[in-house]
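# A closer look at the structure
Residues per chain, in single letters:
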Amino acid sequence: MGQPLLGDLRLGDLVDHLADGLAPASLLTYRAELLLAQAPGNAIYRHLRATSLLQLDEDQAAADGYAEVVADHPDEPLTWMSYGHALKTLGRQDEAVSA
């Protein structure tokens, strides 16, 4: 399968994904999913997945992801800021300001 690269992500997996034409943000999403498989409740990994989705213009999925993190961890200012940005991207200005 190749040499270890960034934990469970293997060089062979990376080559396969690059051959499939996945952008770097797609690789970030893939990595976040691998990490979440190991620690599903990890707020940092969930934030990482939402951020990668935002980079892929999956704005609603990103906003939903950030909303889940802030619901569980309301004391995370970076996630609130990111959530607000995702809402603004969706054209939900009033909600973005509230976040």
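Described below are features of the structure shown in this document. (Residues numbered from 1 in each chain as written. Predicted model: local features only at pLDDT ≥ 70, side-chain atom pairs only at ≥ 80, totals over all residues. Heavy atoms only, no water.)

### Here we look at unusual backbone geometry
What counts is decided by this rule: Exposure categories follow from relative accessible area, calculated using a 1.4 Å probe and restricted to protein chains: below 20% of the type maximum is buried, above 50% is exposed, and the middle band is partly exposed.
Phi at Asp57 is positive, roughly 65 degrees, even though this residue is not glycine. Judged by relative accessible area, which is 62%, Asp57 ranks as exposed.

### A word on the pattern of salt bridges
Selection rule: One speaks of a salt bridge when a side-chain nitrogen belonging to Lys or Arg is within 4 Å of a carboxyl oxygen belonging to Asp or Glu. Strands here mean DSSP runs of E at least two residues long; helices mean DSSP runs of H or I at least four residues long; both are numbered from the N terminus.
Taken as a whole, this structure holds 3 salt bridges when the rule is applied. Across the pair Arg49 and Glu33 runs a salt bridge whose closest N-O atoms are separated by 3.6 Å. Of this pair, Arg49 sits in helix α3 (residues 43-55) while Glu33 sits in helix α2 (residues 24-38), and the two are 16 residues apart along the sequence. Of the residues examined, Arg49 reaches a relative accessible area of 23% and is grouped as partly exposed. What makes Glu33 partly exposed here is its relative accessible area of 36%. Two residues, Asp72 and Arg46, come together in a salt bridge whose shortest N-O distance is 2.9 Å. Separated by 26 residues along the polypeptide, Asp72 in helix α4 (residues 59-72) and Arg46 in helix α3 bring together distant segments of the chain. When its relative accessible area of 9% is taken as the criterion, Arg46 is described as buried.

All we've got here are geometric facts, nothing functional implied.
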